[in-house]
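# Structural characterization, general
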Amino acid sequence: MSEAKRPGGLTALAVFNFVFGALGLLGALGLAVFIPMMGQMPADATAQMTAEQIERINALKDMGAGLFLTLGALNLVSALLLILSGIGYLKLKKFLGRTLGNAYGILGILATVGSMLWMPAALGGGSFSIGTIIGLIFPVLTLVLVNTAFKEDFVN
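Below: a short report on this structure. (Residues numbered from 1 in each chain as written. Predicted model: local features only at pLDDT ≥ 70, side-chain atom pairs only at ≥ 80, totals over all residues. Heavy atoms only, no water.)

### Some points on the side chain of Thr132
- Within the secondary structure layout, Thr132 lies in helix α5 (residues 130-147).
- Apart from residues no more than four positions distant in its own chain, Thr132 is found in contact with Thr112, Met116 and Ser127. (Helix = DSSP H or I, 4+ residues; strand = E, 2+ residues; numbered from the N terminus. Contact = heavy atoms within 4.5 Å.)

### Observations concerning the packing of aromatic side chains
- By the definition in use, this model includes five aromatic pairs.
- An angle of 25° between the planes, with centres 6.3 Å apart, marks the rings of Phe16 and Phe20 as stacked. In this pair, Phe16 and Phe20 are both assigned in helix α1 (residues 6-37), four residues apart and thus about one turn of the helix distant.
- The exposure class of Phe16 is partly exposed, given its relative accessible area of 46%.
- A residue is classified by how much of its surface remains accessible, and Phe20, at 27% relative accessible area, is partly exposed.
- Residues Tyr89 and Phe154 carry aromatic rings whose centres are separated by 6.0 Å and whose planes lie at 45° to one another, so their mutual orientation is tilted. Placement of Tyr89 in helix α3 (residues 65-91) and of Phe154 in the segment after α5 is noted, with a sequence separation of 65 residues between them.
- The structure contains a cluster of three or more aromatic residues connected by ring pairs, namely Phe16, Phe20, Tyr104 and Phe138. (Phe/Tyr/Trp six-rings, centres within 6.5 Å; stacked < 30°, edge-to-face > 60°. Buried < 20%, exposed > 50% of the residue type's maximum accessible area, 1.4 Å probe, protein only.)

### Observations regarding the packing of helix α4 (residues 94-118) against α5
- At their nearest, the axes of α4 and α5 sit 8 Å apart, and the two run at 155° to each other. Classified by the angle between their axes, α4 and α5 sit roughly antiparallel to one another. When the axes of α4 and α5 are compared, the crossing they make is left-handed. Of the residues in α5, those touching α4 at Arg98, Gly101, Asn102, Tyr104, Gly105, Ile106, Gly108, Ile109, Thr112, Val113 and Met116 are Thr132, Gly135, Leu136, Phe138, Pro139, Val140, Thr142, Leu143, Val146 and Asn147.
- A per-class count over the contact of α4 with α5 returns eleven nonpolar, nine polar and one charged. (Axes fitted to C-alpha atoms, helices over the stretch in contact; angles between N-to-C directions. Parallel < 35°, antiparallel > 145°, perpendicular 65-115°, else oblique. Left-handed = near helix turned anticlockwise from the far one by under 90°. Nonpolar A, V, L, I, M, F, W, Y, C, P; charged D, E, K, R; others polar.)

### Remarks on helix α2 (residues 51-63)
- For α2, which comprises 13 residues, the first-to-last C-alpha distance of 18 Å matches the rise-based estimate of 18 Å (1.5 Å per residue) to within 8%.
- A positive backbone phi angle near 90° is found at Gly64, which sits one or two residues after α2. (Expected span 1.5 Å × (residues − 1).)

### A short note on unusual backbone geometry
- Phi at Leu92 takes a positive value of approximately 55°, unusual for a residue other than glycine.
- Residue placement: Leu92 occurs in the loop between α3 and α4.
- Looking at Leu92, the relative accessible area reads 21%, which means it is partly exposed.

As structure tokens, this is what we get:
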């Protein structure tokens, strides 16, 4: 790659970081709203639900608040790292771009593997879904690009 094309690639990576980071923040906001509502479901609400919906609600209750909050916190931190590293990509900052990009890559892989291993099957745990694939491919892609193709571009 020529030197002129590399910043364009970093700009594209930054855009993906901002999109995935914003989606992660929206997911964290949804969790923050959902958690207090879990215990407030009326007893007769299950009469209008399908068996699959009831199974998912029971899986959430059985999962426990600690694990639920841990996975939510990992995803929130990942989203923040995505946004901050995206800013670093645009400004060609070594710490914000390369260091936080690497931190996101490692944490993103750990969060995805943790979700696969610890989430109940009714909630998509233990299986590969489109979210799992994106959750693994994008952090690995970030690690590869930040440490190879764009390694010399972080000059500030």
